[in-house]
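The residues making up each chain are set out below.
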Amino acid sequence: MKRLVSVLIGVIAAGVVAYFKSDGDIGGAALLGLAFAVPVAITAISLPGFNTLAPAVAIVLLMAVFGPNGSASPGDWAVLWVCLTVAAVVTTIWTWISARRRRRT
């Protein structure tokens, strides 16, 4: 349940950041909030414990710092989205490998 809550918080926060970065485009902000739910969900599902909210906060902060100003076009945000999604997948794989190694020893 807390993973779902952290994903929802991440989606809402990503939408809010996209809204302010796009100078008030509600439709584009909603689309970007849903798009950035992918890396938030991947990290929230893969990380154990209460650390599920930290990646959502980190992704939203990276959106606020590195996101393009004045644009809600998904094409302008694509590079940041791809980087965060690849980082989420690598983190997930790394976490699973680390957990398997701990179980073997």
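Before reading on, note that the structure itself is shown above.
It should be emphasised that the depicted structure is a prediction, and the values quoted were computed from it without experimental measurement.

1. Section: a nonpolar patch on the surface
Moving on, step 1. A cluster of nonpolar side chains, namely Met1, Leu4, Val5, Leu8, Ile9, Leu53, Val57 and Leu61, defines an oily patch on the protein surface of about 770 Å² accessible area.
Moving on, step 2. Among the secondary structure elements, those contributing two or more residues to the nonpolar patch are helix H1 (2-21) and helix H4 (53-66).
Moving on, step 3. Residue contributions to the nonpolar patch peak at four residues, all from H1.
Moving on, step 4. One can find Leu8 in helix H1.
Moving on, step 5. Note on Leu8: relative accessible area 47%, which makes it partly exposed.

2. Let's talk about the packing of aromatic side chains
Moving on, step 1. This model, assessed by the stated rule, comprises two aromatic pairs.
Moving on, step 2. Relative to Phe20, the ring of Tyr19 has its centre 5.5 Å away and its plane inclined at 75 degrees; by these criteria the two rings are edge-to-face.
Moving on, step 3. The class for Phe20 is exposed, based on a relative accessible area of 61%.

3. Some thoughts on the packing of helix H3 (residues 37-46) against H4
Moving on, step 1. Taken N-terminus to C-terminus, the directions of H3 and H4 make an angle of 155 degrees; their axes are 8 Å apart at the nearest point. If you check the angle between H3 and H4, you find them roughly antiparallel. Here the hand of the crossing between H3 and H4 comes out right-handed. Between H3, through Pro39, Val40 and Thr43, and H4, the contact on the second element is made entirely by Pro55, Ala56 and Ile59.
Moving on, step 2. Residues belonging to the contact of H3 with H4 are distributed by class as follows: five nonpolar, one polar and no charged.

Parameters at a glance
- Residues numbered from 1 in each chain as written.
- Predicted model: local features only at pLDDT ≥ 70, side-chain atom pairs only at ≥ 80, totals over all residues.
- Heavy atoms only, no water.
- Patch = residues over 30% accessible without salt bridge, like charges linked within 9 Å, V, L, I, M, F, W, Y side chains within 5 Å.
- Areas by Shrake-Rupley, 256 points an atom, 1.4 Å probe, with all protein chains shown as cover.
- Salt bridge = Lys/Arg side-chain N within 4 Å of Asp/Glu carboxyl O.
- Helix = DSSP H or I, 4+ residues; strand = E, 2+ residues; numbered from the N terminus.
- Buried < 20%, exposed > 50% of the residue type's maximum accessible area, 1.4 Å probe, protein only.
- Phe/Tyr/Trp six-rings, centres within 6.5 Å; stacked < 30°, edge-to-face > 60°.
- Axes fitted to C-alpha atoms, helices over the stretch in contact; angles between N-to-C directions.
- Parallel < 35°, antiparallel > 145°, perpendicular 65-115°, else oblique.
- Left-handed = near helix turned anticlockwise from the far one by under 90°.
- Contact = heavy atoms within 4.5 Å.
- Nonpolar A, V, L, I, M, F, W, Y, C, P; charged D, E, K, R; others polar.

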